[in-house]
Amino acid sequence: MRPLHNESAHPAAAPGPADRTGRLVILGVAASDSHAVANHLIAHALRAQGLTVVNLGTCTPVAEFADACERHPEAEAVIVGSLNGHIHEDLHDLADAKRQGRIHCPVIVGGNLSVGSTKDDSAIAALYELGVDHVLNRPAELIPLLDALRLDALRLDALQVPAARPLAAAVAR
Ligand code: B12
């Protein structure tokens with residue numbers, strides 16, 4: 001997981017399910033992948049934590065994640081699971097979808113992310129090169145990451161300077 005923000009700046013009480021009402025994530029399993037069990041368990045766990053989950057289910061191509069992002073501009077993250085070891089091929093067009101603004105929020109990936117029993121870091125590095133923002137090992141890491149991303153987004157919003165007044169209006173006063 002990539003570092004997000006300075007944890008020590010403002011230690012706050014951890015949010016609970018009620019605090020997450022109205023927050024939405026998009027979930028699915030990568031395009032070539034029909035493994036359904038973890039997907040259902042993760043959707044259930046996230047809903048139990050108060051999030052609205054748009055679950056696109058198994059065999060979801062990047063284009064369908066992008067369509068869902070356009071239907072749900074408030075989405076905080078796209079969460080992609082993969083078990084069959086073909087996530088790299090399945091996400092080959094992710095960077096394009098992000099460049100076009102069709103996927104506007106962070107992309108989180110988890111599961112069994114390469115073929116074979118021995119895993120090496122190059123498979124993870126390749127995912128970041130494809131445009132993935134966060135790679136997680138365990139579903140339990142999702143809620144802390146989503147909450148941290150939310151906090152960062154709120155802080156950025158708070159830092160935004162109000163739009164400048166048009167020059168003519170400013171001079172007239
Ligand atoms: C059931 C199963 C199937 C069923 C799926 C039925 C269904 N509709 O779900 C069927 C028979 C269809 C199937 C097919 C195949 N399977 Co299969 N399958 C399994 C099996 C036995 C269990 C998977 C499962 O449901 N586990 C229970 C869930 C809860 O656990 P999990 O999936 O491991 O997920 C955990 C983590 O990975 C993580 N996680 C998962 N998703 C996400 C997402 C996020 C965001 C995060 C953070 C974490 C996370 O959290 C979960 C809990 O810890 C595993 C072997 C095993 N014992 O794990 C193989 C396995 C996943 N399958 C495998 C393979 C190779 C295939 C096939 C390619 C076989 C073939 N030659 O046809 C096909 C691929 C089909 C496809 N198009 O995807 C391999 C993958 C190997 C790899 N990646 O190196 C495995 C590991 C078996 C093996 N040891 O070889 N499979």
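Residues numbered from 1 in each chain as written. Predicted model: local features only at pLDDT ≥ 70, side-chain atom pairs only at ≥ 80, totals over all residues.

The pLDDT averaged across the protein works out to 88; a share of 85% of its residues lies at or above 70. The low-confidence segment residues 3-9 (pLDDT under 50) makes six contacts with residues lying over four places distant or belonging to another chain. Of the regions scoring below 50 in pLDDT, residues 168-173 engages in one contact with residues more than four places distant in sequence or in other chains. (pLDDT = per-residue confidence, 0-100. Contact = placed C-beta atoms within 7 Å.)

Relative to strand β2 (residues 52-55), strand β1 (residues 24-29) is paired through four bridges, and the arrangement is parallel. Counterpart to Leu27 in the pairing with β2 is Asn55. In this fold, β1 hands off to helix α1 (residues 37-48), which returns the chain to β2; that crossover is right-handed. (Pairing = 2+ DSSP bridges. Helix = DSSP H or I, 4+ residues; strand = E, 2+ residues; numbered from the N terminus. Right-handed = clockwise from strand over helix to strand, strands pointing away.)

Ranked by size, the top nonpolar core spans 34 residues in total, and within it Val25, Ile26, Cys69, Val78, Ile79 and Val109 carry the most contacts. The set of elements that each furnish at least two residues to this core consists of β1, α1, α2 (62-71), β3 (78-82), α4 (94-99), β4 (107-111) and α6 (142-159). Beyond its immediate chain neighbours, meaning those up to four positions away, Ile79 contacts Val25, Ile26, Leu27, Ile108 and Leu142. (Core = buried A, V, L, I, M, F, W, Y, C linked by C-beta atoms within 7 Å. Buried ≥ 20, exposed ≤ 12 C-beta atoms within 10 Å, placed from the backbone.)

The next subject is α2. Listed in full, the buried residues belonging to α2 are Val62, Phe65, Ala66, Ala68 and Cys69. All buried residues of α2 lie within an arc of 160° about the axis, which places them on one face of the element. For α2, the exposed residues lying more than 90 degrees away from the buried face are Glu70 and Arg71. Against the buried residues of α2 lie β1, β2, β3 and α4. (Arc of directions from axis to C-beta.)

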